[in-house]
Amino acid sequence: AEDKAYGLTEYTRALLSRHISGRLKLAPEHTEDHVLRAMRKPGFSSFEAFLKDFRAYCKKKDLPWQLVPYFISAHPGCTERDMHELSKKAGRLGLMTDQVQEFTPTPMTLSTTMYYTGIDPYSGKKIFSARSEHQKKKQKSYFFRPGRK
């Protein structure tokens, strides 16, 4: 009952205490809500709440575990400014950003439809997609800046 104060499910507590070797990989995929909406993912606040509970639980149980987030760059709807914000937020939260993937269009996905049409099919509005190699590399560069924490 005491552990429930940390907001973690019984499954998550069991996972942390018995089934990981020190690093839990999780995929928030982005920090900016409009990009997450394009991905059809929950807002970043749900990840921040989990991170807070994860850290509190690990501290209480004296577990030296790390949470390693997985992020995506250049997804439809994501701009260079969004990547800058992601980098700042990840840094403020003390997250290691070594799990990064550049968006790659794959058949039969909503994201690929947005990439090729430039339109969000749910809203009917135009949506930006980084298309050139320069744009994609610029977005991804925010993950690996020298001195970024």
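Notes on the structure follow. Note that the structure is a prediction, hence the values are computed from the model and not measured.

### Here we look at the overall build of the protein
Alright, step 1. Within the protein, the secondary structure is distributed over six helices and three strands.
Alright, step 2. Start at the N end of the protein and walk to the C end: the helices and strands fall as α-β-α-α-β-α-β-α-α.
Alright, step 3. By residue count, 41% of the 149 residues in the protein fall in the buried class.
Alright, step 4. If you sum the accessible surface of the protein, you get close to 8,900 Å²; carbon and sulfur atoms cover 53% of it.

### Here we look at the nonpolar core
Alright, step 1. Core analysis: the biggest nonpolar cluster contains 27 residues, and L16, L24, F47, F54, L67, M83 and F143 have the highest contact counts within it.
Alright, step 2. The set of elements that each furnish at least two residues to this core consists of helix 2 (33-39), helix 3 (44-60), strand 2 (66-73) and helix 4 (80-92).
Alright, step 3. Every residue in contact with F54, bar those within four places of it in the chain, is listed here: L8, L16, L24, W65, Q66 and L67.

### Section: the pattern of salt bridges
Alright, step 1. Inspection of every chain in the model, using the stated rule, returns four salt bridges.
Alright, step 2. With a closest N to O distance of 3.7 Å, K41 and E29 form a salt bridge. On the criterion of sequence distance, the pair formed by K41 in the loop between helix 2 and helix 3 and E29 in strand 1 (residues 23-29) is long-range, its members being 12 residues apart.
Alright, step 3. Classification of K41 by relative accessible area gives partly exposed; the value is 36%.
Alright, step 4. D120 is the partner of R40 in a salt bridge, and the nearest nitrogen-oxygen pair spans 3.1 Å.

### Some words on the pairing of strand 2
Alright, step 1. Burial runs high along strand 2: six of the eight residues are buried.
Alright, step 2. Judged from the five bridges that link them, strand 1 and strand 2 form a sheet pairing that is parallel. When the bridges of strand 2 are listed, L24 appears paired with L67.
Alright, step 3. Both strand 2 and strand 3 (residues 99-102) contribute to a ladder of four bridges, which runs parallel. Bridge pairing links Y70 to Q99 in strand 3.

### Concerning the environment of K52
Alright, step 1. Relative to the helices and strands, K52 is located in helix 3.
Alright, step 2. Considering only alpha carbons, one finds K52 and G7, 45 residues apart in sequence, at a separation of 9.2 Å.

### Section: helix 5 (residues 110-117)
Alright, step 1. Along helix 5, the residues classified as buried are S111, T112, M114 and Y115. Viewed along the axis of helix 5, the buried residues span an arc of 160 degrees, placing them on a single side of the element.
Alright, step 2. Where the residues of helix 5 are buried, they touch helix 2 and helix 6 (133-141).
Alright, step 3. Following helix 5 by one or two positions, G118 adopts a phi angle in the positive range, close to 75 degrees.

The rules behind each value
Residues numbered from 1 in each chain as written. Predicted model: local features only at pLDDT ≥ 70, side-chain atom pairs only at ≥ 80, totals over all residues. Heavy atoms only, no water. Helix = DSSP H or I, 4+ residues; strand = E, 2+ residues; numbered from the N terminus. Buried < 20%, exposed > 50% of the residue type's maximum accessible area, 1.4 Å probe, protein only. Areas by Shrake-Rupley, 256 points an atom, 1.4 Å probe, with all protein chains shown as cover. Core = buried A, V, L, I, M, F, W, Y, C linked by side-chain atoms within 4.5 Å. Contact = heavy atoms within 4.5 Å. Salt bridge = Lys/Arg side-chain N within 4 Å of Asp/Glu carboxyl O. Pairing = 2+ DSSP bridges. Arc of directions from axis to C-beta.

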